[in-house]
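Listed below, chain by chain, are the residues.
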Amino acid sequence: MKVIKTIYILFATVLLSASCELEETDKFDYINQSNHGVFFYEANTNAGIVYPDTSITLNRNLLSVIAPYTTLSTGGFRSSKETFSELPTDTLSVYFFHPEVIESSTFESLRLNYRVLKRYDLSYKDFLMLNKEVIYPPTPAMANIQQLPSYP
């Protein structure tokens, strides 16, 4: 029993002393300034459907929810430049949906009827100009960002 305890202590010491720190880099801040929650997803390489294809994903697991008047940060362990460089074009589409639409519709219906609150098509330059913050509903600073429906 004493040998097992000694091995356990040695193993724990090795694990604790091992350096496996990830360097924190850029975060994408998604800010909901509306009085209701919103669902959103980034059409990045994980989504499988990326710009210039603006079809809505059928994968419900890609959705994240943001409560009213709160911020959700994503990413953080790779650079935003790296994220954008993996895309076929320099554009990341971000989709926002109303919770009632998500709860009452199939994804096929969302896709066929294109039931988005807002879609932003952000270039890397846009993303930097917005200080890495994507805001719903759009602010006047976002007026020149490609979006659907059009600003406002």
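One numbering rule holds for all chains: residues counted from 1, following each sequence as written. Selection of residues for local features in this predicted model requires a pLDDT of at least 70, selection of side-chain atom pairs for listing and counting requires 80 or more, and totals for whole chains, interfaces and linings are taken over all residues. Side-chain metrics rest on all non-hydrogen atoms present in the structure, leaving aside hydrogens and water.

A. Layout of the overall build of the protein chain. For the protein chain, the helix and strand inventory stands at 5 helices and 8 strands. Runs of H or I in DSSP of at least four residues are treated as helices and runs of E of at least two as strands, each being numbered from the N terminus. Starting at the N terminus, the α and β elements of the protein chain follow one another as α-β-β-β-β-α-β-α-α-β-α-β-β. Each residue gets one of three labels from its accessible area relative to the maximum for its type: buried under 20%, exposed over 50%, partly exposed in between, using a 1.4 Å probe on protein chains only. Within the protein chain, buried positions represent 40% of all 152 residues. Accessible area for the protein chain stands at about 9,100 Å²; split by element, carbon and sulfur atoms hold 57% of it. Note that accessible areas follow from Shrake-Rupley with a 1.4 Å probe, and for residues the cover is restricted to the protein chains shown.

B. Broad picture of the sheet that holds strand β3 (residues 64-66). For two strands to pair, DSSP has to find at least two bridges joining them. Reading across from one edge, β3-β2-β5-β6-β8 is the order of the 5 strands in this open sheet, with antiparallel pairing throughout. Across the chains shown, the open sheet's two edge strands, defined by having one partner strand only, are β3 and β8 (146-148). If you compare each strand with its neighbour and ignore which way they point, the axes differ by 25° on average. Here, axes are lines fitted to C-alpha atoms. For helices the fit covers the stretch in contact, and angles between N-to-C directions go from 0 to 180 degrees.

C. Representation of the pairing of strand β1 (residues 27-32). With 5 of 6 residues buried, β1 lies mostly within the body of the structure. Note: β1 against strand β4 (residues 70-75), 6 bridges, orientation antiparallel. Bridging from a neighbouring strand, Asn-32 pairs with Thr-70 of β4. Sheet topology places β1 next to strand β7 (residues 133-136); 4 bridges connect them, and they run parallel. Following the sheet pairing, Ile-31 is matched in β7 by Ile-135.

D. Region of the structure containing the nonpolar core. The set of buried Ala, Val, Leu, Ile, Met, Phe, Trp, Tyr and Cys residues whose side-chain atoms join them within 4.5 Å is what this entry labels a nonpolar core. Of all hydrophobic cores here, the largest spans 22 residues; its most connected members are Tyr-30, Val-94, Phe-96 and Tyr-120. Counting 13 residues, the second-largest nonpolar core is a separate cluster that includes Phe-39, Ile-56, Leu-63 and Ile-102.

E. Expanded view of the sheet that holds β7. With mixed pairing, 3 strands are arranged side by side in an open sheet as β4-β1-β7. Whereas interior strands pair on both sides, the edge strands pair on one side only; in this sheet they are β4 and β7. Taking the axes of each pair of neighbouring strands and ignoring which way they run, one obtains an average angle of 20° across the sheet.

F. Up close: the packing of aromatic side chains. Pairing of aromatic side chains here covers Phe, Tyr and the six-membered ring of Trp, requires ring centres within 6.5 Å, and sorts the geometry by plane angle: under 30 degrees stacked, over 60 edge-to-face, intermediate tilted. Under the defined criterion, the tally for this structure stands at 10 aromatic pairs. Each ring, one from Tyr-41 and one from Tyr-95, has its centre 4.8 Å from the other, and the planes form 10°; the classification is stacked. Within this pair, whereas Tyr-41 is found in strand β2 (residues 38-43), its partner Tyr-95 is found in strand β5 (residues 91-97), the two being separated by 54 residues in sequence. Taking the relative accessible area as the measure of exposure, Tyr-41 reaches 2% and is therefore buried. With 5.8 Å between their ring centres and 80° between their planes, Phe-96 and Tyr-120 make a pair best called edge-to-face. Placement of the pair is Phe-96 in strand β5 and Tyr-120 in strand β6 (residues 118-123), with a sequence separation of 24 residues. Assigned by exposure class, Phe-96 and Tyr-120 land together as buried. Members of the aromatic cluster, connected to one another through ring pairs, are Tyr-30, Phe-40, Phe-96, Tyr-120 and Tyr-136.

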